[in-house]
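# Chains, contacts and geometry: an overview
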Amino acid sequence: MISRLQNNQSIIIAGHRGWKSDYPENTLLSFQRAIELGVDMLEFDLRFSKDKVVMVIHDATVDRTTNGSGKVSDFTSAELKQLDAGGWFGKTYEGLKIPTFDELCELMRSYPDVLLNVEIKPSPDAKEVVDAAIAILRRYEYLPRCVFTCFDAEVLGYIHDKYELKTQGFPGELMSNYVPGAEGTLSKIWAVGISMKLLTPQRVQEYEQQGILPWCYCPDTEQQVLYAIGTGSLLMTVNNPQPALKIRQQLGR
């Protein structure tokens, strides 16, 4: 399924941590609303709890997106489930929880056509998280829907070499353990995520010439979406999917 993006000429919209602009990020509600709105792909972040349960959360600590404080890795999954992951975004969302990866996979049963951008957060145990996440995805038979992302080039190389799965990297200056040259990290990535700050037609063309899909993040206004399309970057990971969806409908792409 993810392979269909190889020669894609349509605008593909990925919800960044769900519908991040309007709902508490990386919650089941945020993912559900993004899908209902019409995104083609969900992007989300994975980390281990203290007891090695794969959890869907971006930061290394719970401080920003819950009512708790401390490192994610210092909490068991049961303890993480006691935290409120919605109230920080607004009183309406009090009571939302940090999802386990299994819970997100259960939600995705109802949406078999939605693709998954699985971001593994850099950490000392990131490769263990990869192994656990891929085991879960294999059990659900979701691997054909997935591309794997990480800012640590060594982790992407591990996914590429051990599992032969598709990976998304970033421009070398943004990655740790990046190996320059055509035989280095570039040989291990299928796609590259380019921030709006770094996105230019020249950079898009350079990656295309190397057979790497040039994706972008996060065009969140109509002007930014049109700019991204103009550079040739047609897959966009967005905090707010509405502008991109509107432009896509107008262009019929």
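Rules used throughout
- Residues numbered from 1 in each chain as written.
- Predicted model: local features only at pLDDT ≥ 70, side-chain atom pairs only at ≥ 80, totals over all residues.
- Heavy atoms only, no water.
- Helix = DSSP H or I, 4+ residues; strand = E, 2+ residues; numbered from the N terminus.
- Contact = heavy atoms within 4.5 Å.
- Areas by Shrake-Rupley, 256 points an atom, 1.4 Å probe, with all protein chains shown as cover.
- Buried < 20%, exposed > 50% of the residue type's maximum accessible area, 1.4 Å probe, protein only.
- Polar contact = N/O pair within 3.5 Å; in protein donor to acceptor, adjacent residues only side chain to side chain.
- Phe/Tyr/Trp six-rings, centres within 6.5 Å; stacked < 30°, edge-to-face > 60°.
- Salt bridge = Lys/Arg side-chain N within 4 Å of Asp/Glu carboxyl O.
- Pairing = 2+ DSSP bridges.

## A few points about the overall build of the protein chain
Helix and strand counts for the protein chain come out as eight helices and nine strands. Taken over the C-alpha atoms alone, the protein chain extends approximately 50 × 40 × 30 Å along its principal axes. For the protein chain, contacts bridging at least 24 residues in sequence account for 58% of all contacts bridging at least 6. Here the protein chain has roughly 11,000 Å² of accessible surface; of this, 49% comes from carbon and sulfur atoms.

## As for helix 5 (residues 153–163)
What sets the pattern is the α-helix's 3.6 residues per turn: residues three or four places apart point alike. All of the buried residues along helix 5 are Ala-153, Val-155, Leu-156, Gly-157, Tyr-158, Ile-159 and Tyr-163. Contact partners of the buried residues in helix 5: strand 4 (115–120), helix 4 (126–140), strand 5 (146–149) and strand 6 (167–169). Regarding helix 5, its N-cap is Asp-152, as a side-chain oxygen of that residue lies 2.9 Å from the backbone nitrogen of Glu-154 further along. Taken from the residues just after helix 5, Glu-164 is the one with a positive phi, measuring 55°.

## Digging into helix 8 (residues 241–251)
Those residues of helix 8 lying buried are Pro-241, Pro-243, Ala-244, Leu-245, Ile-247 and Arg-248. Along its buried surface, helix 8 packs onto strand 1 (12–16), helix 1 (28–37), helix 7 (222–231) and strand 9 (235–238). The backbone nitrogen of Gln-242 lies 3.1 Å from a side-chain oxygen of the residue at the head of helix 8, namely Asn-240.

## Focus: the side chain of Ser-77
Tracing the sequence through the fold places Ser-77 in helix 2 (residues 77–81). With residues up to four places along the chain from it excluded, the contact list for Ser-77 reads Ser-49, Asp-51, Val-53 and Met-55.

## Structural notes on the packing of aromatic side chains
Under the criterion given, the structure shown has eleven aromatic pairs. Their ring planes at 40° and their centres at 5.7 Å tell us that Phe-44 and Phe-101 sit as a pair that is tilted. Residue Phe-44 is located in strand 2 (residues 41–48), and its partner Phe-101 is located in helix 3 (residues 101–108); the two are separated by 57 residues in the primary sequence. Overall, Phe-101 belongs to the buried group, its relative accessible area being 1%. Between Phe-151 and Phe-170, the aromatic rings sit 3.7 Å apart at their centres with planes inclined by 5°, giving stacked as the arrangement. Of this pair, Phe-151 sits in the loop between strand 5 and helix 5 while Phe-170 is found in the loop between strand 6 and strand 7 (191–195), placing the two residues 19 residues apart along the sequence.

## A word on the pattern of salt bridges
Tallying each qualifying case throughout the model produces 19 salt bridges. For Glu-103, the salt bridge goes to Lys-81, with nearest N and O atoms at 2.5 Å. One end of the pair, Glu-103, is in helix 3; the other, Lys-81, is in helix 2, with 22 residues separating them in the sequence. Among the residues examined, Glu-103 registers a relative accessible area of 32% and is labelled partly exposed.

## A word on the pairing of strand 2
Counting buried residues in strand 2 gives eight out of eight residues, a clear majority hidden from the surface. Burial along strand 2 is two-sided: Met-41, Glu-43, Asp-45 and Arg-47 and Leu-42, Phe-44, Leu-46 and Phe-48, pointing in opposite directions, are all buried. Where strand 2 meets strand 4, six bridges bridge the pair, whose relative direction is parallel. The partner of Glu-43 across the bridge, within strand 4, is Asn-117. Pairing analysis gives three bridges linking strand 2 to strand 3 (residues 54–56), with the strands arranged antiparallel.

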